[in-house]
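Per-entry structural report
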Amino acid sequence: MPLIRLLRPSLSRLLFAALALAFVHLATQPALAGPYEDAVAQFAAGSFADTEEAIGKLVASAHPRAATIIVALQDGRLFADPDAKTVFIKAEDGKVTDAATGDAVAALPDKASAVRLNNKLRRAVSGAMAGLTLLSPDLNKRIQAAQSVFKTHDETVLPTVEAALKAEKNAAAKQAFAEARAAILLFKQDASDVDKLDAIAVIKARGDQEAMALLTGVPAGQSAAVTSGIASAKAAIERNLALWSMVQNAWYGLSLGSVLLLAAIGLAITFGVMGVINMAHGEMVMLGAYTTFVVQEAIRTRYPALFDYSLLIAVPLAFLVAGAIGVLIERSVIRFLYGRPLETLLATWGLSLIQQQAVRTLFGPTNREVGNPSWMSGAFELGQITITYNRLWILCFTLAVFAILLAMLRYTSLGLEMRAVTQNRRMAASMGIATSRVDALTFGLGSGIAGIAGVALSQIDNVSPNLGQSYIIDSFMVVVFGGVGNLWGTLVGAFSLGIANKFLEPVAGAVLGKIAILVLIILFIQKRPRGLFALKGRAVEA
Amino acid sequence: MRIESKFQTSAPMSRRKWLAAAAGLAIGLSTFAPAKAADDTIKVGVLHSLSGTMAISETTLKDTVLFLIDEQNKKGGVLGKKLEAVVVDPASNWPLFAEKARELITKDKVSVVFGCWTSVSRKSVLPVFKELNSILFYPVQYEGEESERNVFYTGAAPNQQAIPAVDYLMKEEKVKRWVLAGTDYVYPRTTNKILEAYLKSKGVAQEDIMINYTPFGHSDWQTIVADIKKFGSAGKKTAVVSTINGDANVPFYKELGNQGIKATDIPVVAFSVGEEELAGIDTKPLLGHLAAWNYFQSIKDPENEKFIKAWQAYTKNPKRVTNDPMEAHVIGFNMWVKAVEKAGSVDPDKVIDALPGIKAPNLTGGVSEMLPNHHITKPVFIGEIKGDGQFDVVWKTPGLVPGDAWSKELDGSKDLIGDWVTLKCGNYNTVTKKCGGS
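Residues numbered from 1 in each chain as written. Chains lettered and ligands numbered in written order. Predicted model: local features only at pLDDT ≥ 70, side-chain atom pairs only at ≥ 80, totals over all residues.

Under the annotation held in an unreviewed UniProt entry, chain B carries the name Urea ABC transporter substrate-binding protein and is attributed to Rhodopseudomonas palustris.

We count it as follows: UniProt positions are given in the numbering used here, feature names are shortened, and annotations may be inferred rather than shown by experiment.
Under an unreviewed UniProt entry, chain A has the name Urea ABC transporter permease subunit UrtB and belongs to Rhodopseudomonas palustris. Its UniProt record gives chain A a comment under Sequence similarities (unreviewed entry), which states: "Belongs to the binding-protein-dependent transport system permease family. LivHM subfamily." One UniProt comment on chain A, placed under Subcellular location (unreviewed entry), says "Cell membrane".

Points about the overall build of chain A
Using the following cut-off: Put simply, DSSP marks the helices as runs of H or I at least four residues long and the strands as runs of E at least two long, and each gets a number from the N terminus on. This radius of gyration counts C-alpha atoms alone. The globule rule is 2.2 Å times how many residues there are, raised to the power 0.38. Burial in this document is a count-based property: other C-beta atoms within 10 Å of a residue's C-beta are tallied, and the residue is buried at 20 or more, exposed at 12 or fewer, or partly exposed in between, with C-beta positions derived from the backbone. Whether two residues are in contact depends on their C-beta atoms, placed from the backbone: they are in contact if these lie within 7 Å.
Counting its secondary structure elements, chain A contains 21 helices and seven strands. Relative to its length of 542 residues, chain A is extended, with a C-alpha radius of gyration of 31 Å against a globular reference of 24 Å. Overall, chain A is about 95 × 65 × 40 Å in size when its C-alpha atoms are taken along their principal axes. The buried share among the 542 residues of chain A stands at 46%. Taking all contacts inside chain A whose residues are at least 6 apart in sequence as the whole, residues at least 24 apart take part in 72%.

Thoughts on the packing of helix α20 (residues 469-482) of chain A against helix α21 (residues 487-527) of chain A
All names here are of chain A. So the rule is basically this: Note on definitions: angles span 0 to 180 degrees between N-to-C directions of axes, and those axes are lines fitted to C-alpha atoms, for helices only across the stretch in contact. Oblique is the label for any angle not under 35 degrees, not over 145, and not in the 65 to 115 range, which are roughly parallel, roughly antiparallel and roughly perpendicular in turn. Two helices cross in a left-handed way if the nearer one is turned anticlockwise from the farther one by less than a right angle. They cross in a right-handed way if the turn is clockwise.
Contact pair α20 / α21: the axes reach a minimum separation of 6 Å and the direction vectors enclose 125 degrees. For the element pair α20 / α21, the angle class is oblique. At the point where α20 passes α21, the crossing takes the right-handed sense. Contacts between α20 and α21 involve M477, V478, V479, F481 and G482 from the former and G489, T490, V492, G493, A494, L497, I521 and F524 from the latter.

Remarks on the interface of chain B and chain A
Short version of the rule: In the scheme used here, Gly and all other residues not listed as nonpolar or charged are polar, with Ala, Val, Leu, Ile, Met, Phe, Trp, Tyr, Cys and Pro taken as nonpolar and Asp, Glu, Lys and Arg as charged.
Taken together, the contacts link 46 residues of chain B with 48 residues of chain A. Going through the elements one at a time, α3 (55-74), β7 (209-214), α8 (222-231), α9 (249-258) and β15 (391-396) of chain B are the ones with two or more residues in the side of chain B that touches chain A. Across the side of chain B that touches chain A, the residue classes break down as 14 nonpolar, 17 polar and 15 charged.

Overview of unusual backbone geometry
Residue and element names in this part refer to chain B. A positive phi angle, near 55 degrees, is found at S92, a position not held by glycine. Within the secondary structure, S92 sits in the loop between β2 (82-88) and α4 (94-107). Backbone geometry places K433, a non-glycine residue, at a positive phi of 55 degrees. What makes K433 exposed here is the crowd of 7 C-beta atoms within 10 Å.

So, the pairing of strand β1 (residues 41-47) of chain B
Residue and element names in this part refer to chain B. This is how it is decided: Strand pairing is assigned whenever DSSP identifies at least 2 bridges connecting the two strands. For a crossover, the right-handed case is the one in which the path from the first strand over the helix to the second runs clockwise, viewed with the strands pointing away from the viewer.
For β1, a buried count of seven out of seven residues is recorded, marking the element as mostly surrounded by other parts of the structure. The alternating pattern of β1 places T41, K43, G45 and L47 and I42, V44 and V46 on opposite faces, both of which are buried. Relative to β2, β1 runs parallel, the two sharing seven bridges. Its bridge partner being in β2, L47 is matched across the sheet by V88. A crossover connection joins β1 to the parallel β2 through α3; in handedness this β-α-β unit is right-handed.

Focus on the UniProt feature "transmembrane region" (unreviewed entry) in chain A
Residues and elements named next belong to chain A. Under the present numbering, the feature "transmembrane region" (unreviewed entry) in UniProt falls on residues 250-277, 309-329, 392-411, 440-460, 472-495 and 507-525. Across residues 250-277 one finds 86% helix and 0% strand; the C-alpha atoms that close the span lie 32 Å apart. Helix makes up 100% of residues 392-411 and strand 0%, and the two end C-alpha atoms of the span are 28 Å apart.

Overview of the environment of G217 of chain B
Checked against the element boundaries, G217 of chain B lands in the loop between β7 and α8. Owing to 20 C-beta atoms within 10 Å, G217 of chain B belongs among the buried residues under this scheme. With 104 residues separating them along the chain, G217 of chain B and V113 of chain B place their C-alpha atoms 29 Å apart. Filtering out sequence-adjacent residues up to four positions away, G217 of chain B remains in contact with S470 of chain A together with D247 and A248 of chain B.

So, the nonpolar core
Our working rule: The nonpolar core criterion groups buried Ala, Val, Leu, Ile, Met, Phe, Trp, Tyr and Cys residues into a set whenever they are joined through C-beta atoms within 7 Å.
The biggest cluster of nonpolar side chains holds 125 residues, and the ones touching the most others in it are V44 and V269 of chain B. Those residues within four positions of V44 of chain B in sequence are excluded, and the remaining contacts are I69, L83, E84, A85, V86, V110, S111, V112 and F114 of chain B. Membership of the second largest hydrophobic core comes to 75 residues, among which are A264, M279, V421 and I452 of chain A.

Digging into the sheet that holds β15 of chain B
All names here are of chain B. If you walk across this open sheet you meet the seven strands as β7-β6-β8-β9-β10-β14-β15, and the pairing is mixed. Each edge of the open sheet is held by one strand with a lone partner, namely β7 and β15. Within this sheet the neighbouring strands show an average axis-to-axis angle of 25 degrees, counted without direction. As judged from the two bridges shared by strand β9 (residues 268-270) and strand β10 (residues 290-293), these two strands associate in the parallel manner. Across the sheet, V269 pairs through a bridge with L290, a residue of β10.

What about the sheet that holds strand β4 (residues 136-138) of chain B?
Residue and element names in this part refer to chain B. The parallel open sheet is built from five strands, whose spatial order is β2-β1-β3-β4-β5. Looking along the sheet, the strands with just one partner apiece sit at the ends: β2 and β5 (151-153). Mean inter-strand twist for the sheet, computed between neighbouring axes without regard to direction, equals 25 degrees. Its contacts with the sheet place helix α12 (residues 324-343) against β3 (112-115), β4 and β5, and it is angled at close to 175 degrees to β3.

Some details on the confidence of the model for chain A
Residues and elements named next belong to chain A. This is how it is decided: A residue's pLDDT is the confidence the predictor assigns to it, expressed on a 0 to 100 scale.
Confidence in the prediction for chain A averages 85 pLDDT; 92% of positions are at 70 or higher. The least confident element of chain A is helix α1 (residues 3-6), whose mean pLDDT is 42; the most confident is helix α14 (residues 310-332), at 95. Predicted confidence for residues 1-9 stays below pLDDT 50, and this span has 24 contacts to residues more than four positions away or in other chains. Note that residues 23-32 has pLDDT below 50 and, in this model, 11 contacts with residues that lie over four places away or in other chains.

Focus on helix α5 (residues 66-74) of chain A
Residue and element names in this part refer to chain A. For the record, the criterion: Here the arc refers to the directions that run from the helix axis out to each C-beta atom.
All of the buried residues in α5 are A66, I69, I70, A72 and L73. All buried residues of α5 fall inside an arc of 160 degrees around its axis, so they share one side. Taken from the residues just after α5, G76 is the one with a positive phi, measuring 75 degrees.

Some points on the packing of α3 of chain B against α12 of chain B
Axes are the key here: two packed helices are described by the angle between their axes and the distance separating the axes. Residue and element names in this part refer to chain B. In the contact formed by α3 and α12, the axes pass within 10 Å of each other and the chain directions differ by 35 degrees. The two elements α3 and α12 meet at a crossing, and its hand is right-handed. Across the interface between the two elements, T60, L61, T64, V65, L68 and Q72 of α3 pack against P325, M326, H329, V330, F333 and V337 of α12. The residue inventory of the contact of α3 with α12, partitioned by class, reads eight nonpolar, four polar and no charged.

Notes on the confidence of the model for chain B
Residues and elements named next belong to chain B. The pLDDT averaged across chain B works out to 88; a share of 90% of its residues lies at or above 70. Between residues 1-14, whose pLDDT stays under 50, and residues either more than four places distant or in other chains, the model counts 18 contacts. Every residue in residues 21-38 is under pLDDT 50, and counting partners more than four places away or in other chains gives 11 contacts.

Structure (structure tokens):
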């Protein structure tokens, strides 16, 4: 990223040089009167331009406290009183000190407010911090600083980077410094062609999006050898990235497939196994999401330390809430409508509207905030693709739910009874199975699993009364495509739709991609009306 | 289903019942006789969805109008009469908007209607308001390209939101490459068309503009966010201009945060994300992303502070946020009150003629004016998202910006103006000197 162009070049260079200097000579540098005090006081002036100037002056003063003040500014802990022109630092533990002198102060004045930053200033500050932390004892900070220099390729820090490279023991940090050095050399006007070609080789080896950006940003007017070196490096990186983008699409497809599967898996039971056209399925998902919200609210107010476990607590509760409502619906409405699909469709549609409006009245029409636990936030790099933790966890969770459900149907007596009742109701009844009880429990199970899906979906989607509506069509699509009555069909259907969607999306766009998928399904259903995995044998006739 | 009696704030219980009964009798027995209730109060129609997809945004606006009516009645009403709200629920169903509008005007005899959010709902009620000659106040930022005699647009036209936002990014952030991302319907498509023309007029090349549309309620943003990242690594400063609508925003911002796109690298400026929408997200990873509006709750102004206080007291919720379309209703409502007082009547023709030129204070320290093209003057603010879900204003226009009904950037509309005072025409062509468009 060509961040450096956005800063005032003089300012940013000043920042790097002086902050690095301040860091190295922290102990020996004598405090200068005058410009330093002026600079600190200028933070109280209020405008962004003043703050920018203050940062420049502060860094130029090379005062030992400069670094502390910059860190506080970055964290939003620098406060200024606009009238008295005094500036304070509020430590993380709440203690207040005078920014200029470091003396303790009893409390912040009422008028003091945090010194404001905008994106431009944030870039200036973090650029300054990078120059400052190149020699930090903290390994992660060093790597971060090196990566930041890779983006900004500011040649004034070249000596520092080279010194750091020599002293560095850690392989990852060494690599980062070498890349940072290469980036600087590539952009340095008076660097020799040999140096530049070496630099290009290093950057080519990195081979990612940022390396590509860097090579694209090299100004024209290089020697012929360098120009052709850049061109061939860019071509190589492009080939590499094209390959990775296939992997990326496949991963996105798996992730979308897991969301589809999760949303559809409950429907695979209520619609697939029981044959109830359950339009209220989406609302069960919504109830699960709202259960998560309620659990998190309770945890936030009473036991904030438990926040990372909130989802684990919400899963069984969501299952119980949605399952209980499912049983209630089955007992009060659906059991009178077995064998009458049209009436069931209308009745469950009505139920879905009732549930939506009930939630809207109870929780309000606006979105509710469901937070991500720390283990579900952020992402990691795998080769050249970014994998976000929440998507990864949802994939694992979906497969686990699927496996448990499959095992339940296969190995428990309730599962056996469910299969018996759905295959041949009268025979099962003759064998002494209480079919109406099994119906209620099966519907409850399907609804409960939809509730669990809601817990996971609350992590990636809005928690609003409309949550369910956005999944109901997709769920039916997956179940019908996969083959009604077959859980494996639902699994294969969900993943193939997810992957097909994600390979179509970059080519056709999100809107056309979705239309294309629907058209493909219509054509497929014409050919195979019973879906991918059609049930065979007498069960089909029942 | 009418729920007007629930919101009638002035009349005592017994009279309320009597009124309802009288109204029922009047409608039931003698369809030609006017309802008796119309003589005692001035009725104000509220046409906002209270159920369905748009309830998320519109319910607040319904509450806002009820709040404003309540406040006005405390001051003694208008023309010595109390105001009475008639609330209907068009349920996010566009044809139902037209039906409910007709019901409000013919059956309930309302003098004015405050309502609609989406452009498609506005387009759906337009013929009704024209045919029955009533007044609609429309409070939401929209794509422009319209000026109707019966409609007053108190939200932003593109030149009061989109264009200044792009100018800000060009000047302050030196953005050279643009992603125009939007939900696939009329507002984002028209706005992006205007922006594309504007960017090209500023010398931005076609390959530096990426346009992307997504369906309503899109929730899987992985591919698009990855595309944005890729588009942004071409060695030029990149920004995203987002016209993504309501519900799709939360997953979009979550994906941005998770994939680590920071505002310092690729800032996103949004036209449909306000305080209400941010209430559903943890905003810490979004620090520094931008929104362009004509109002922010965080703006320090005595009028604004007074309004927020009264609003939170009225809703009995000390955390209830305020937003831009609410402010538009506040301005519109006050303008309507002044116009009725100036005209001395609620007769639609008189009020429509009285409205242009009416001034009403906005909540950010200025005074907005109704223009002859039925749009208003507004200040434009750019705010950065803060960690607490509010916005920090980082830039504003020096004065108020008059709203353009017809965009100056598009070939088809640059010669058109709307003027209901002297020309009595919504689409007067200044080149051919004819009313009736290009």
